[in-house]
Amino acid sequence: MKTLWKDLHAITMRDGRYNIIEDAAILTEDGLIIWIGKAHEVPDSDAQQISLNYWWVTPGLIDCHTHLVFAGSRSAEFEERLHGISYSEIAAKGGGIISTVNATRQATEQELLKLALKRIEFLMKDGVTAIEIKSGYGLDLNSERKILTVIQKLKTLLPITIKATCLAAHDIPIEYKNRSDEYIDYICDVMLPLFASENLIDAVDAFCEHIAFSPQQVEKVFRKAQKLNLPIKIHAEQLSSLHGSSLAAKYHGLSADHLEYMTEQDVIAMAQSDTVAVLLPGAFYMLREKQLPPIPSLRQHHVKIALSTDLNPGTSPMLSARLLLNMACTLFKMTPEEALAGVTINAAHALALNHQHGSLEQKKIANFVAWDITHPADLAYWLGGQIKNKIIVNGKILDVKEK
């Protein structure tokens, strides 16, 4: 049945701009937008009609970089950092990613699923209708597979779009201490081929940093992903400049993420390959970083800028997409329009979903959110609280149930 969504103002985000249609209507059928425009121009239709109270309607938000399947807590590390101990120092003494790996390995699949459902519920209530979830807290075959299996279960349980990324190259597991090259070989020779054959992954990621893996090691992972016809992403330039973002551009990566220490050379390489820059203000905030990503340069070279919560237990325990928008504006000096583009159309590009998601356009999936606001900038303006909304997924109003 066709549905006519009327009495609304549409923030289409076409071409990365607000591109507002006031007093608009949206016609949907079979989960797709089949028409959008001025209310008085609605084509003749026998559709059921639903009023959206003249609220403002955006595309469904997209969280394109999360690590939300994990067990354990790292709030104690947060306290340590407040006492002046650095992220690198915590990692060196067995904390950081490895502490989450230990807890995640011990958790059952059902326990991980239950925890993940609770976390994702917060994001869905905030208007997230598509999300990427990474592995990377297992670091051995069985545990990485367990995480990826949980992500597949989330796909079957939830109506939103979910993409799974293999981040086995997240840290060096204790079993491979001082043998990181051997671990990279294990990822390339065993993990990736198996996960690909079982259709458990949609992309491959790696952490290119002095506390993780070198550009040469990461490139080996990328070459294997390429042979398996899997797109690549990268964690790069978060703590130092190793030109991992340029490496991702060399392999036409979907995105390079973090990027505080990227150079002009990296920016140009990403612009030439159309690799999306995914900025993660939650991690920047939690680590109290001072080095800002080179946003003026990214603008100058027309690199698409996406934003994401980076939901993870160590450096960005962020459960709000709206808080993300505010942080992007206040910390990174982005405009509210740029921030909204960062969690809609540009985030869709970062997941290769831009042909179906990210903007309100004909033939795209009918994922959108009606917000009780007076101006689009309100989404980035308000801190905390809940803005009343209606979330539409695949052309149907979504009732987010507490898990």
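Residues numbered from 1 in each chain as written. Predicted model: local features only at pLDDT ≥ 70, side-chain atom pairs only at ≥ 80, totals over all residues. Heavy atoms only, no water.

Asks: Outline the overall build of the chain, listing residues and values.
Replies: Of the regular secondary structure elements, the chain holds 15 helices and 15 strands. The dimensions of the chain, computed from C-alpha atoms along their principal axes, are 70 × 45 × 45 Å. When burial is assessed residue by residue, the chain has 59% of its 403 residues classed as buried. Restricting the contact set of the chain to residue pairs at least 6 apart, pairs at least 24 apart contribute 70%. Counting every atom, the chain has about 16400 Å² of accessible surface; 50% of that belongs to carbon and sulfur. Charge centroids of the chain, computed over 40 positive and 47 negative side chains, lie 3 Å from each other. (Helix = DSSP H or I, 4+ residues; strand = E, 2+ residues; numbered from the N terminus. Buried < 20%, exposed > 50% of the residue type's maximum accessible area, 1.4 Å probe, protein only. Contact = heavy atoms within 4.5 Å. Areas by Shrake-Rupley, 256 points an atom, 1.4 Å probe, with all protein chains shown as cover. Lys, Arg positive; Asp, Glu negative; His and termini not counted. Charge placed at Lys NZ, Arg CZ, Asp CG, Glu CD.)

Asks: Tell me about the sheet that holds strand 10 (residues 255–258), and name the residues and values.
Replies: As summarised here, the arrangement of the eight strands in space is 5-6-7-8-9-10-11-12, forming an open sheet in which the pairing is parallel. Both edges of this open sheet fall to strand 5 (61–66) and strand 12 (305–307), since each of them pairs with a single strand only. This sheet shows a mean twist of 25 degrees between the axes of neighbouring strands, independent of strand direction. Inspection of the sheet shows strand 8 (residues 203–208) paired to strand 9 (residues 233–236) by two bridges, in the parallel sense. Its bridge partner lying in strand 9, Cys208 is registered against Ala236. (Pairing = 2+ DSSP bridges. Axes fitted to C-alpha atoms, helices over the stretch in contact; angles between N-to-C directions.)

Asks: Tell me about helix 12 (residues 321–332), residues and numbers included.
Replies: The end-to-end C-alpha separation of helix 12 is 16 Å, in line with the 16 Å expected for twelve residues at 1.5 Å each. With nine of twelve residues buried, helix 12 lies mostly within the body of the structure. Within helix 12, the full set of buried residues consists of Ala321, Arg322, Leu324, Leu325, Asn326, Met327, Ala328, Cys329 and Phe332. Positioned one or two residues after helix 12, Lys333 has a phi angle of 60 degrees, which is positive. (Expected span 1.5 Å × (residues − 1).)

Asks: An account of the layout of surface pockets is requested, with residue identities and associated values reported.
Replies: Estimates place the volume of the largest pocket at around 440 Å³. Forming the walls of the largest pocket are 20 residues, and the residues nearest its centre are Ala91, Ala92, Ile98, Asp171 and Ile172. Listed by contribution, the elements that provide at least two residues to the lining of the largest pocket are helix 2 (87–92) and helix 3 (97–106). Of all the elements, helix 2 adds the most residues to the lining of the largest pocket, at four residues. Taken together, the residues of the lining of the largest pocket break down into ten nonpolar, six polar and four charged. (1 Å grid on protein atoms, 1.4 Å probe; cavity = no way out; pocket = protein on both sides within 12 Å on 5 of 7 lines; lining within 4 Å. Points joined across faces, edges and corners; volume = space filled by probe spheres on them. Nonpolar A, V, L, I, M, F, W, Y, C, P; charged D, E, K, R; others polar.)

Asks: Before we move on, can you summarise the environment of Leu52 with the specific residues and values?
Replies: If you trace the backbone, Leu52 turns up in strand 4 (residues 48–59). Residue classification places Leu52 among the buried positions, given a relative accessible area of 0%. For the pair formed by Leu52 and Gly95, sequence separation is 43 residues and the distance between their alpha carbons is 48 Å. Residues in contact with Leu52, not counting those within four places in the same chain, are Trp5, Lys6, Asp7, Leu8, Val57, Ala370 and Lys390.

Asks: How would you sum up the side chain of Glu260? Please name residues and give values.
Replies: Within the secondary structure, Glu260 sits in the loop between strand 10 and helix 9 (264–273). Buried charge without a salt bridge: Glu260, with Arg81 as the nearest opposite-charge side chain at an N-O distance of 12 Å. Aside from chain neighbours lying at most four places away, what touches Glu260 is Glu237, Gln238, Phe284, Gln291, Leu292, Pro293 and Pro294. (Salt bridge = Lys/Arg side-chain N within 4 Å of Asp/Glu carboxyl O.)

Asks: Got a sec to walk through the UniProt feature "binding site: N-formimidoyl-L-glutamate" (unreviewed entry) in the chain? Specific residues and values, please.
Replies: Residues given the UniProt feature "binding site: N-formimidoyl-L-glutamate" (unreviewed entry) here are Tyr137, Asn312 and Gly314. In three dimensions, the annotated residues from a span of 178 residues occupy one location, with a maximal C-alpha spread of 11.5 Å. When the annotated set is filtered for residues lining the largest cavity, what remains is Tyr137 and Asn312. Mapped onto the elements of the fold, Tyr137 is located in the loop between strand 6 (128–134) and helix 5 (141–157). Turning to its location among the elements, Asn312 is positioned in the loop between strand 12 and helix 12. A polar contact is formed between the side chain of Asn312 and the backbone oxygen of Asp310, at a distance of 2.7 Å. (UniProt positions renumbered as here; feature names shortened; annotations may be inferred. Polar contact = N/O pair within 3.5 Å; in protein donor to acceptor, adjacent residues only side chain to side chain.)

Asks: Explain empty space enclosed by the protein to me, using residue names and the numbers behind them.
Replies: The tally for this structure, following the rule as stated, stands at three cavities of 30 Å³ or more. Of the pockets and cavities examined, the largest cavity occupies roughly 120 Å³. Along its surface, the largest cavity is lined by 13 residues, and Tyr87, His170, His235, Asn312 and Thr315 are the ones closest to its centre. Grouping the amino acids of the lining of the largest cavity by side-chain chemistry returns four nonpolar, seven polar and two charged. Volume-wise, the second largest cavity comes out at about 50 Å³. The wall of the second largest cavity is formed by Pro59, Gly60, Ile62, Thr129, His357, Gly358, Ser359, Ile365 and Asn367.

Asks: Residues and numbers for the nonpolar core, please.
Replies: Grouped together as the largest cluster of nonpolar side chains are 108 residues, with contacts concentrated most on Leu68, Val69 and Leu154. Excluding residues that lie within four positions of it along the chain, Leu68 makes contacts with Ala116, Arg119, Ile120, Leu123, Ile131, Ile133, Leu154 and Leu311. With 15 residues, the next largest nonpolar core counts Trp5, Ala10, Ile33 and Ala366 among its residues. (Core = buried A, V, L, I, M, F, W, Y, C linked by side-chain atoms within 4.5 Å.)

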